[in-house]
Amino acid sequence: MKRNGFRTLLMMFAVISMLCICSITASASAAIKKASYERGGKVEVDFTTRVSYKNVKVTVKDQSGKAVRAVITEKDQDDLDFRMKSVSMGKTYTFVITGVKKRNEAKYGSVRGKIMVPVTKGAVPVRKIEYDSKDQEVEFDFAANVGWKSPKVKIFRGNAQYAVRISDRGRRDAEIRVRKLRKGIVYHYTISGIRKAGDRKYTTIRGSFMA
């Protein structure tokens, strides 16, 4: 009985050891914290930890699987930027970055993600739309100075409304407090009472973005 109990204990210890090894291996892989699209085909990829590169490359494909030309424009220890040469509003693109690893990892590997080019319609050009899940805010960066007059905002998906209030606004940006959004889901927006600096008329802009 004692010998059987000892064997059982050894087997349990072996299983626990294997689970620990697996969890360490999984956590060692480089991973993407977030990827955001900026006006002009620029994509910024933020990693969850510091990374290293070796012969790093990026490949991009559109929704139909067609390759899209892309070049890496900048990289450092925790993020990488690349620019796509030809994009369309409302389209989703997948990308793969090869030749990257977590700093303490032995082998270089790859990470993948996807981004959607936001749809923007109206007289005010939008440079970037980004969802901050920690602060539960949608951040709008404009490509020109703007003015405000009794602004109102809606963020919605179908009949569901998500915008709570404008928590902050300035000459080039606005932060919209929202109910929790789901990552990878497309939402729509309207912002009224806004105008581009120099324009006389306040207007409404609208479009869509991926959280």
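Check the entry above for the structure.
Residues numbered from 1 in each chain as written. Predicted model: local features only at pLDDT ≥ 70, side-chain atom pairs only at ≥ 80, totals over all residues. Heavy atoms only, no water.

A. Focus on the nonpolar core. The biggest cluster of nonpolar side chains holds 24 residues, and the ones touching the most others in it are Val 138, Phe 140, Phe 142, Ile 155, Leu 181 and Tyr 189. Only β10 (126-132), β11 (137-142), β12 (146-157), β15 (173-178), β16 (186-196) and β17 (203-210) provide two or more residues apiece to this core. Apart from residues no more than four positions distant in its own chain, Phe 142 is found in contact with Val 124, Pro 125, Val 126, Arg 127, Trp 148, Arg 172, Asp 173, Ala 174, Ile 194 and Ile 205. Phe 47, Tyr 53, Tyr 93 and Ile 97 belong to the second largest nonpolar core, which has 22 residues in total. (Core = buried A, V, L, I, M, F, W, Y, C linked by side-chain atoms within 4.5 Å. Buried < 20%, exposed > 50% of the residue type's maximum accessible area, 1.4 Å probe, protein only. Helix = DSSP H or I, 4+ residues; strand = E, 2+ residues; numbered from the N terminus. Contact = heavy atoms within 4.5 Å.)

B. Up close: the pairing of β10. Taking burial as the measure, the 7 residues of β10 include 5 buried ones, the bulk of the element. Here β10 pairs with β11 via 6 bridges, running antiparallel. If you follow Glu 130 over to β11, its bridge partner there is Glu 139. Where β10 folds back on β11, the antiparallel hairpin that results is connected by 4 residues, among which Gln 136 adopts a positive phi of roughly 55°. (Pairing = 2+ DSSP bridges.)

C. Geometry of the packing of aromatic side chains. According to the stated counting rule, one finds 6 aromatic pairs in the structure shown. Arranged with centres 4.9 Å apart and planes meeting at 65°, the rings of Phe 140 and Tyr 189 form a pair that is edge-to-face. One end of the pair, Phe 140, is in strand β11; the other, Tyr 189, is in strand β16, with 49 residues separating them in the sequence. In this structure an aromatic cluster arises from ring pairing among Phe 140, Tyr 162, Tyr 187, Tyr 189 and Phe 209. The ring of Tyr 53 has Lys 75 lying over it, and the distance from NZ or CZ to the ring centre is 5.9 Å. (Phe/Tyr/Trp six-rings, centres within 6.5 Å; stacked < 30°, edge-to-face > 60°. Lys NZ or Arg CZ within 6 Å of the ring centre and 35° of its normal.)

These figures come from the coordinates and say nothing about function on their own.
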